[in-house]
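Topology and contacts: notes
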Amino acid sequence: MRIRYHHPIPNFYKIENPVNPINSISENLLNELNEFVLEKGFIGVSYSSLSDDFKNEWDIDWDNILILKYKMSDEILKMDPSKEKTVLEDKEFQEFGRKTFEVADFLRKNNFKADLIHPLDDSVSLRAIAMPSNDCIITRSNMCMFKEALNVGFFMIKTSIENLPFKQENDMLWVEDFCSTCGICIDRCPEDAFDENGKFIRKLCTAHKKGCSKCVLICPFYKQGYEKVKKRYDRKQAR
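This write-up is about the structure you can find in this document. (Residues numbered from 1 in each chain as written. Predicted model: local features only at pLDDT ≥ 70, side-chain atom pairs only at ≥ 80, totals over all residues. Heavy atoms only, no water.)

Moving on to helix α6 (residues 174–182). Think of an α-helix as turning once every 3.6 residues; residues three or four places apart then point the same way. The set of residues buried in α6 consists of Trp174, Val175, Phe178 and Cys179. Along the axis of α6, the buried positions cluster into a sector of 135 degrees, meaning they face one direction only. As for α6, its buried residues are in contact with β4 (136–138), β5 (144–146), α10 (220–223) and α11 (226–238). Just beyond α6, the residue with positive phi is glycine 183, at close to 80 degrees. (Buried < 20%, exposed > 50% of the residue type's maximum accessible area, 1.4 Å probe, protein only. Helix = DSSP H or I, 4+ residues; strand = E, 2+ residues; numbered from the N terminus. Arc of directions from axis to C-beta. Contact = heavy atoms within 4.5 Å.)

Below is the structure:
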């Protein structure tokens, strides 16, 4: 079990799961759901559909996942690692955790099964679940990055809905090549949390212990944004 500063999130469900859940959502209701998510302060929703091989590998029976994304506070990220910083990050984490229960209740109210995937459960990787969404990529510094921002946190809901708008291809795979030629996070990591081959060493990283955000703050994707880095990369590739 990794050391974390996050505390367990209390159960905030107000509505029980339906006895006979339905598995198809209308376009209008899906739009309502997306609007509800944005109203709660999230920056968007991604969707993962898990394959049988994936479910067997992780010993789970979940199929369809909603990924609720929120932008982590820039003000907090820019603080030096400290106890105060971890307290503030946990407060933000708890706030969006509570809002995730509200989204689950929205789904339950509309006769869909919906359950929060425990965000602190190490028996399954939330990043591994995020990747089948084809809406994110793992950076060299081990961040799960979506196009909206590098500093994105997320919560997940497993649901009975089968006709979610799943993406079929991941157009962010170029980031792996970009990261392989960048290396700024390796050069400036205060904990030297990379081996001689540039591979991230989780046990040396202090992000989950002290709230270190150095690799986020110096990353081109944080400083310039996804689209600007992509345009620069495309220009370089075209030469």
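Bringing the pattern of salt bridges into the picture now. Scanning the model with the defined rule gives 13 salt bridges in all. Between lysine 69 and aspartate 135 there is a salt bridge, with the nearest N and O atoms lying 3.8 Å from each other. With a gap of 66 residues between them, lysine 69 in strand β2 (residues 64–71) and aspartate 135 in the loop between α5 (126–130) and β4 connect regions that are remote in the sequence. According to the relative accessible area criterion, aspartate 135 is buried, its value standing at 17%. Between lysine 69 and glutamate 148 there is a salt bridge; the shortest N-O distance is 2.8 Å. With lysine 69 in strand β2 and glutamate 148 in the loop between β5 and β6 (152–159), the pair connects residues that are 79 residues apart, well separated along the chain. We classify lysine 69 as buried; its relative accessible area is 1%. In the salt-bridge network here, residues are joined through shared partners; they are Lys69, Asp135, Lys147, Glu148, Lys167 and Asp171. (Salt bridge = Lys/Arg side-chain N within 4 Å of Asp/Glu carboxyl O.)

Below, the discussion takes up the packing of α6 against α11. In contact at an axis separation of 11 Å, α6 and α11 are set at 80 degrees when each is read in the N-to-C sense. Considering the angle they form, α6 stands roughly perpendicular to α11. Side by side, α6 and α11 meet where Trp174, Val175, Asp177 and Phe178 of the first sit next to Tyr226, Val229, Lys230, Arg232, Tyr233 and Gln237 of the second. Classifying every residue of the contact of α6 with α11 by side-chain character gives 6 nonpolar, 1 polar and 3 charged. (Axes fitted to C-alpha atoms, helices over the stretch in contact; angles between N-to-C directions. Parallel < 35°, antiparallel > 145°, perpendicular 65-115°, else oblique. Nonpolar A, V, L, I, M, F, W, Y, C, P; charged D, E, K, R; others polar.)

In terms of nonpolar packing, the biggest core is built from 28 residues, with Leu33, Leu66, Val103, Leu107 and Ile157 touching the most fellow members. Counting only elements with at least two residues in this core, the list comes to α1 (27–39), β1 (44–49), β2, α4 (83–109), β3 (114–116) and β6. At 7 residues, α4 tops the list of elements feeding residues into this core. Contact partners of leucine 107, with chain neighbours within four places excluded, come to Leu33, Leu66, Phe112, Ala114, Ile157 and Ile161. (Core = buried A, V, L, I, M, F, W, Y, C linked by side-chain atoms within 4.5 Å.)

The next point concerns the side chain of asparagine 142. One can find asparagine 142 in the loop between β4 and β5. Its relative accessible area of 18% is what places asparagine 142 among the buried residues. With residues up to four places along the chain from it excluded, the contact list for asparagine 142 reads Arg127, Phe200 and Arg202.

With that settled, consider the state of the cysteines. A complete count under the given rule lists 0 disulfides for this structure. Cysteine cysteine 136 is unpaired, with the sulfur of cysteine 144 as its nearest cysteine sulfur at 3.8 Å. Between cysteine 212, a free cysteine, and cysteine 205, which holds the nearest cysteine sulfur, the sulfur-to-sulfur gap is 6.4 Å. (Disulfide = S-S within 2.5 Å.)

What follows covers the environment of threonine 159. Its location among the elements puts threonine 159 in strand β6. Overall, threonine 159 belongs to the buried group, its relative accessible area being 9%. Taking the C-alpha atoms as reference, threonine 159 lies 11 Å from isoleucine 67; in sequence the two are 92 residues apart. When residues no more than four places from it in sequence are discounted, the contact partners of threonine 159 are Asn64, Leu66, Phe112, Lys113, Ala114 and Leu164.

All right, on to the packing of aromatic side chains then. Inspection of the entire model under this criterion finds 16 aromatic pairs. Their ring planes at 25 degrees and their centres at 5.0 Å tell us that phenylalanine 36 and phenylalanine 106 sit as a pair that is stacked. Note that phenylalanine 36 is positioned in helix α1 and phenylalanine 106 in helix α4, a separation of 70 residues in sequence. A relative accessible area of 18% places phenylalanine 36 in the buried class. Pairing phenylalanine 42 with phenylalanine 96 gives two aromatic rings, centres 5.2 Å apart and planes at 65 degrees, and the pair type is edge-to-face. Residue phenylalanine 42 is found in the loop between α1 and β1, and its partner phenylalanine 96 is found in helix α4; the two are separated by 54 residues along the sequence. An identical accessibility class is assigned to phenylalanine 42 and phenylalanine 96; each is buried. What links up through ring pairs into an aromatic cluster is the set Phe42, Tyr70, Phe93, Phe96 and Phe155. The cationic tip of lysine 99 hangs over the ring face of phenylalanine 96; the distance from NZ or CZ to the ring centre is 4.9 Å. (Phe/Tyr/Trp six-rings, centres within 6.5 Å; stacked < 30°, edge-to-face > 60°. Lys NZ or Arg CZ within 6 Å of the ring centre and 35° of its normal.)

Geometric descriptors of this kind do not, in isolation, establish any biological role.
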